[in-house]
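Spelled out, the chains give:
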Amino acid sequence: MTDLFTSIKERLSGRDKTIVLPEGMDVRVLQAASRLHQEALVKPVLLGNETEVKQVAAEIGIEMTGIEVIDPAGVPYIEELVEKFVERRKGKVTGEQAREQLTDVNYFGTMLVYTGRADGLVSGAAHSTADTVRPALQIIKTKPGVSRTSGAFIMMKGEERLVFADCAITVAPTSQELAEIAVESAKTAISFGVEPRVAMLSFSTQGSAVTEETEKVSKAAEIARSLAPELTLDGEFQFDAAYVPAIAAKKAPNSVIQGDANVFVFPSLEAGNIGYKLTERLGGYEAIGPILQGLNMPVNDLSRGCSADDVYKLTLITAAQSL
């Protein structure tokens, strides 16, 4: 199997994708932008005061020639952005309020994506998830048929690639929301070269326990099948039955999933977040994400504890999502 990022780079070659990095003063973001610029696969656009950004870059030995820096306070098209922001918010903000919100780099950067000046945005190195996601939900919005965005992780170890969701956004998803998460997670898998086999997870395997919680997941599987009948998908499953063929043969012998699932939909944010961190820390998998799913255009959120390599990789993934 081709390495994930080798495959992504091949797909991005010659596509000239532009990704906004709002946190232009962050050393990790600057390091990632320099690397992206040198590879010439993705055009990074930094936000911030150009003089201040270049000063920080000089202090850490980064050459900024050719890397675009946009100062939200000095763009000639600000009135266009204000007008389109008010229009998009359907009168919930005045022109003056919009102008004030656009001084926030995440709102400004998201408007660059919305107006087609960029293909995606990556933030979160110095901002909370809410700071990154809120502008995306208000401006980019979710796709038709998707009620909520969700956060998936690509879990990588050797040649194995798994998708875990939702590990970042929806605290207690309903059956409908779980079904939407399953369908969007399958799309995420496909976009990164994984043929999806989706397992809806619970503490029960196909009726071995019957509670409100397990019935929520089994209902979600039914809804997901109606939304995307072409998907290989089943549930509810305990993780071992979804992942280990010998256990699947005993617990779910008639299922289309026979211990060969590669997309795992968790029943709650609590379970998903714990699950991906256990897999990362105890299982030795690399966790790439969270990748935000269900938006009309790609916006992704970093952890504030991220490395420059994390910024670089998530920017490549964001560019790939825009293809």
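Before reading on, note that the structure itself is shown above.
Keep in mind the model is a prediction, meaning the values are calculated, not measured.

*Asks:* I keep staring at the overall build of the protein and nothing clicks. Help me out?
*Replies:* Scanning the protein from N- to C-terminus turns up 13 helices and 11 strands. Since a compact globule built from 323 residues should have a radius of gyration of about 20 Å, the 21 Å found for the protein is in line with a globular shape. Seen through its principal axes, the protein has C-alpha atoms that stretch 65 × 45 × 30 Å. Counting every position in the protein, which comprises 323 residues, the buried fraction comes to 52%. Taking contacts inside the protein between residues at least 6 apart in sequence as the whole, the part at least 24 apart equals 70%.

*Asks:* Hey, could you run me through the packing of aromatic side chains in this one?
*Replies:* Two descriptors summarise a pair of aromatic rings, namely the distance from one centre to the other and the angle between the planes of the rings. Under the criterion given, the structure shown has 7 aromatic pairs. When the centroid spacing of 5.7 Å and the interplanar angle of 85 degrees are considered together, the rings of F164 and F264 count as edge-to-face. Of the two residues, F164 is situated in strand β6 (residues 160-165) and F264 in strand β9 (residues 263-265); the sequence distance between them amounts to 100 residues. A relative accessible area of 2% means that F164 is categorised as buried. For F264, a relative accessible area of 0% translates into the label buried.

*Asks:* Got a minute to help me understand helix α13 (residues 308-321) in this structure?
*Replies:* Compared with an ideal rise of 1.5 Å per residue, which puts 14 residues at 20 Å, α13 spans 20 Å between its outermost C-alpha atoms and is within 8% of the ideal. Residues of α13 that are buried: A308, V311, Y312, K313, L314, T315, L316, I317, T318, A319 and A320.

*Asks:* Help me understand the side chain of R161 in this model?
*Replies:* With respect to the helices, strands and loops of the structure, R161 is situated in strand β6. One buried charged side chain, R161, makes no salt bridge at all; its nearest oppositely charged neighbour is D3, positioned 6.5 Å away. Among the polar contacts listed, one links the side chain of R161 to the backbone oxygen of F192, at a separation of 2.7 Å.

*Asks:* Even after reading the chapter, I still don't get the environment of V86, so can you show me in this structure?
*Replies:* Relative to the helices and strands, V86 is located in helix α4 (residues 78-88). For V86, a relative accessible area of 22% corresponds to the partly exposed category. Separated by 11 residues in the primary sequence, V86 and Q97 place their C-alpha atoms 8.8 Å from one another. With near-sequence residues (within four places) excluded, V86 lies in contact with G91, V93, T94, G95 and A98.

*Asks:* When you look at the sheet that holds strand β7 (residues 197-201) in this model, what are you seeing that I'm missing?
*Replies:* The strands making up a sheet associate through backbone hydrogen bonding, with each pair oriented either parallel or antiparallel. Reading across the sheet, the 6 strands line up as β8-β7-β9-β6-β5-β10 and stay open at both edges, with mixed pairing between neighbours. Both outer strands of the open sheet, β8 (232-237) and β10 (286-293), are each paired with one neighbouring strand and no more. Across the sheet, the mean angle from the axis of one strand to that of its neighbour is 20 degrees, orientation sign disregarded.

*Asks:* What's the story with α4 in this structure? I'm lost.
*Replies:* Three or four residues apart is the spacing at which side chains of an α-helix point the same way, because the helix has 3.6 residues per turn. Taken as a whole, α4 has its buried residues at I78, L81, V82 and F85. Projected down its long axis, α4 shows its buried positions confined to an angular sector of 100 degrees, all on one face. Exposed side of α4, more than 90 degrees from the buried face: E83 and E87 are the residues found there. Turning to α4, the residues buried within the fold contact α5 (95-101), α6 (105-114) and α7 (129-140). The positive-phi residue at the C-terminal boundary of α4 is K90, with phi of around 50 degrees.

What counts, and where the lines are drawn
- Residues numbered from 1 in each chain as written.
- Predicted model: local features only at pLDDT ≥ 70, side-chain atom pairs only at ≥ 80, totals over all residues.
- Heavy atoms only, no water.
- Helix = DSSP H or I, 4+ residues; strand = E, 2+ residues; numbered from the N terminus.
- Rg over C-alpha atoms; globule rule 2.2 N^0.38 Å.
- Buried < 20%, exposed > 50% of the residue type's maximum accessible area, 1.4 Å probe, protein only.
- Contact = heavy atoms within 4.5 Å.
- Phe/Tyr/Trp six-rings, centres within 6.5 Å; stacked < 30°, edge-to-face > 60°.
- Expected span 1.5 Å × (residues − 1).
- Lys, Arg positive; Asp, Glu negative; His and termini not counted.
- Salt bridge = Lys/Arg side-chain N within 4 Å of Asp/Glu carboxyl O.
- Polar contact = N/O pair within 3.5 Å; in protein donor to acceptor, adjacent residues only side chain to side chain.
- Pairing = 2+ DSSP bridges.
- Axes fitted to C-alpha atoms, helices over the stretch in contact; angles between N-to-C directions.
- Arc of directions from axis to C-beta.

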